[in-house]
Structure formats: C-alpha cells, structure tokens
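# Coordinate inspection notes
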Amino acid sequence: MTQQTPDDARTNSPTTGSDALQPIRSGEGANIIGPRNLTREAEDRDLVRPPKTDKGSLPNMRWSFADSHTRIEPGGWARETTVRELPIATAMAGVNMRLDAGAVRELHWHKAAEWSYVLKGQARITAVDGDGRTFQDDVGEGDLWYFPPGIPHSLQGIGDDGVEFLLVFDDGNFSEDNTFLLSDLCARLPREVLAKNFGWPEANLADIPKEELYIFQSTVPGALDADRTTGAGPVPQWFSHRMMTQEPQCFQGGSVRITDSQNFPASTNIAAALVELEPGAMREIHWHPNGDEWQYYIEGQARMTVFASGSISRTFDFQAGDVGYVPFAMAHYVENTGTTPVRFLEVFASDRFTDVSLTQWMALTPHELVAANLNLDRNLVDAMPTQKYSVVPSSEALS
Ligand code: MN
Ligand code: MN
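These numbers were taken from a predicted model, which means no experiment stands behind them.

### Some words on the environment of Thr354
When you line up the elements, Thr354 lands in the loop between strand E24 (342–348) and strand E25 (356–357). Apart from the residues lying within four places of it in its own chain, the contact partners of Thr354 are His288, Pro289 and Asn290.

This is the structure we're talking about:
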C-alpha cells in the first residue's frame, strides 16, 4: 500500500524505517519497495521527491568532494572536481587539499589561473613573476590567494595543524595531476643539461628526486620575515586577500562579501561572493550575465532550483563539502533548508562579480507592464524594492 507523507516534510524525516522519505507527492507516486540507499536519498530529498514545479531534464549540477578520489601523499592529500566528475562544469574546476604542518605542495606552475579560499588552518604561500618580483605571505581561514596562469608558486602548511583549502581554476578540464612540477621538470631533462644550466658539476644533482613529489613532508618554516627573498621588489599586485575581514553587505537573513578585481586587483580571472544565510533565509532569485557559477558549500544545508528556459527546471540539495554549478544566465536561488547557518561561495571565471536581481528588474520596469505580464495587482508591483536585496529572510521572520 502506498504510504502518505506530507509534501512539505523537508526536514526531520527519519532516514530509516517505514517513515523514510518517499516519492509521493499530492497523492501521486508510490513508496519505494526495492533496495534503497537511505543516507544518499536523505541528502537528495528534492531528487527523491522533487517540487511539483520541477520539469524536464537538466544535466547534473551537484557533486560532493566525498565522491571524488582522494590522492594521498606524505603529509597531505588532494581530491578534485573536474569535468570528469561534473561534466556540466566546463568553465571551472576545483580541488580540496590538505597539507599537514610542514607539508609542501611542491614548487609548480600551470596553464590555468589559481584562486583559493582557506577553509581551516594556516599556510605559507610564495610566488615569483617574470620580472623577478617576489611574493611571500602567510594566510589563514577566510583568506584568499590568486596566482595568474604560468606564475610559479608553492604552498606549505604551517602552524600547529597545517592547512586545508579550496582551489578553483578557470578551466573545467584543469587537473591538479597535470601541473608543471619542479621535481618532474628536473627528472625529465638530460642531467648534463641541468648541470650546465646551474653551472654545477653533475655530482651536485645526484640526489634529486627521480619522480615527481607533488606533496611531500618537510618542516615548518621560521618567521615569514626571515623566509623572504626580495629580488626586484614585491609583485605589483599582491597575490593574497583577506576576504573575511571585508565589511559584508548585510541584509535581514544574511550577508554577502564580494571579492573581484575591483578590491583584489590581482584576481583578473576569478570573481567570488561569500554568502551567509540564516535558517530559512534565501539568496534571492537571480542570474549572472557574465558566465557560469561554480559553488562550494562550506557549512549548512541548502537547496537550489535552476531554471534553464524552455520550461525546464530542477532542484538540487547541498551540504558542507558539496559543489554546485549554474550554467550562464540560468536563474536560481539558494535557500537555507537546515537549522544552522549556511555559508557558501559563488565563484566565476571573470574579472567581476555581477548578477541580475529578479525583484529589482521587475521593480525598475514600468509597473503597469509588469502587472499585466504576471496578472498582478499593480499595488504589489509599486511596493517592490528598487534596491537590490541579495538575501531575503525566512517567511517566519517576515510575519
Ligand atoms: Mn597551483
Ligand atoms: Mn548566483
């Protein structure tokens, strides 16, 4: 017999037993009587029982780093989300990496631009540009770094417990396994060429690694000032930025911090927003006129519906450690569906953050026209805010 559960029982449903979430909605559907992956279904409630408004087929727009292969190396690990894992995500790829205290992501460079958000702990990061100008800094939770394509750099965990961070690259095909590594370079060139290049006898190179290191355990470096090299002076645009110390745009129900090339000038290929939502609050319905959005959920639980035009929309659920993706121009909202705050990053392969607010668009279009389009009372349209509210509060907070 088909078991009935309320349509709007979004939270607090048991994940096991006969009361588990069922694909039953407004008297339609039927309960699952075959095998179930209850923990996965509990994470994907809006796939098991989609809102009635969801329609048509959309590519998958959610991936969890929990489903990515973890590359384990001495002193750390890395796992990535590329087009291999999430095929729709062609514009950007992400890596979640951990470096224990003293562990090093070895000296390297790559073709893509690298943007990073520090999730926990502390790191020392270094780079040198083509004019011999140098960069060294220590970064902590909530800080960003950005390395332009081709600029060689290093990362090292410092402090008591090292660091964990998120990397985003402006190419969905980018893989952390295909970077230009110092050790690999030296292993792949004739030994006499290396010796000639450095003006050394070959014997000096007897112990260089025969294979790439990628991540290796070393010791925690001393004070930053003692570690500095100067060269031709500092890089003209500093490669780190304190995102969390930015004054946020505050709204009833949450806040937004935007970092792009206007306040982080080095970051010419990546723009981002850090969004915080209280329970029930929502990142308003909007879209982006300048490219795809790559999301990373830092904490909390949320859902997002993506409207793809042509009567197609689908709802996806997210939690900490998940990646979301929204193709160019598709409308979406992100709603906190849990009982704790949501924090997530919206990242763009662009020099600037920009979005179009549905509410603001309607409020700034001739009101009679908007009222006629949606068959609304003109007074409702007249009262819509012309200012952008990037976050809207929960319905309870309004009543
Ligand atoms: Mn890198
Ligand atoms: Mn967005």
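### Re the pairing of strand E16 (residues 254–259)
In terms of burial, E16 is largely enclosed, as five of its six residues are buried. Taken together, the three bridges between strand E15 (residues 249–251) and E16 define a ladder with antiparallel strand orientation. Looking across to E16, one finds that Cys250 is bridged to Ser255. What sits between the antiparallel neighbours E15 and E16 is a turn of two residues, in which Gly253 has the positive phi angle 105°.

### Here we look at unusual backbone geometry
Unlike most non-glycine residues, Ala329 shows phi in positive territory, near 75°. Turning to its location among the elements, Ala329 is positioned in the loop between strand E22 (322–326) and strand E23 (331–336). Backbone geometry places Asn375, a non-glycine residue, at a positive phi of 55°. Of note, Asn375 is situated in the loop between helix H7 (367–374) and helix H8 (378–382). On the accessibility criterion, Asn375 (73% relative accessible area) is exposed.

### Comments concerning the coordination of the manganese ion (ligand 2)
Expected angles at a metal are 109.5 degrees for tetrahedral coordination by four donors and either 90 or 180 degrees for octahedral coordination by six donors. Within the first shell, the manganese ion (ligand 2) binds the protein through His286 (NE2), His288 (NE2), Glu293 (OE) and His332 (NE2), at distances of 2.1 to 2.2 Å. Summarised as a motif, the one-chain spacing of the donors to the manganese ion (ligand 2) is H-x1-H-x4-E-x38-H. Note on His286: relative accessible area 0%, which makes it buried. Of the residues examined, His288 reaches a relative accessible area of 2% and is grouped as buried.

### Structural notes on the pattern of salt bridges
In this structure the tally under the stated criterion is 33 salt bridges. Ionic pairing is found between Asp382 and Arg378, a salt bridge with its closest N-O pair at 2.8 Å. With Asp382 and Arg378 both in helix H8, this residue pair falls four residues apart, about one helical turn. Note on Asp382: relative accessible area 36%, which makes it partly exposed. Given the relative accessible area of 35%, Arg378 is considered partly exposed.

Reading guide: rules and limits
Residues numbered from 1 in each chain as written. Chains lettered and ligands numbered in written order. Predicted model: local features only at pLDDT ≥ 70, side-chain atom pairs only at ≥ 80, totals over all residues. Heavy atoms only, no water. Helix = DSSP H or I, 4+ residues; strand = E, 2+ residues; numbered from the N terminus. Contact = heavy atoms within 4.5 Å. Buried < 20%, exposed > 50% of the residue type's maximum accessible area, 1.4 Å probe, protein only. Pairing = 2+ DSSP bridges. Donors = N, O, S within 2.8 Å, 3.2 Å for Na, K, Ca; no water. Salt bridge = Lys/Arg side-chain N within 4 Å of Asp/Glu carboxyl O.

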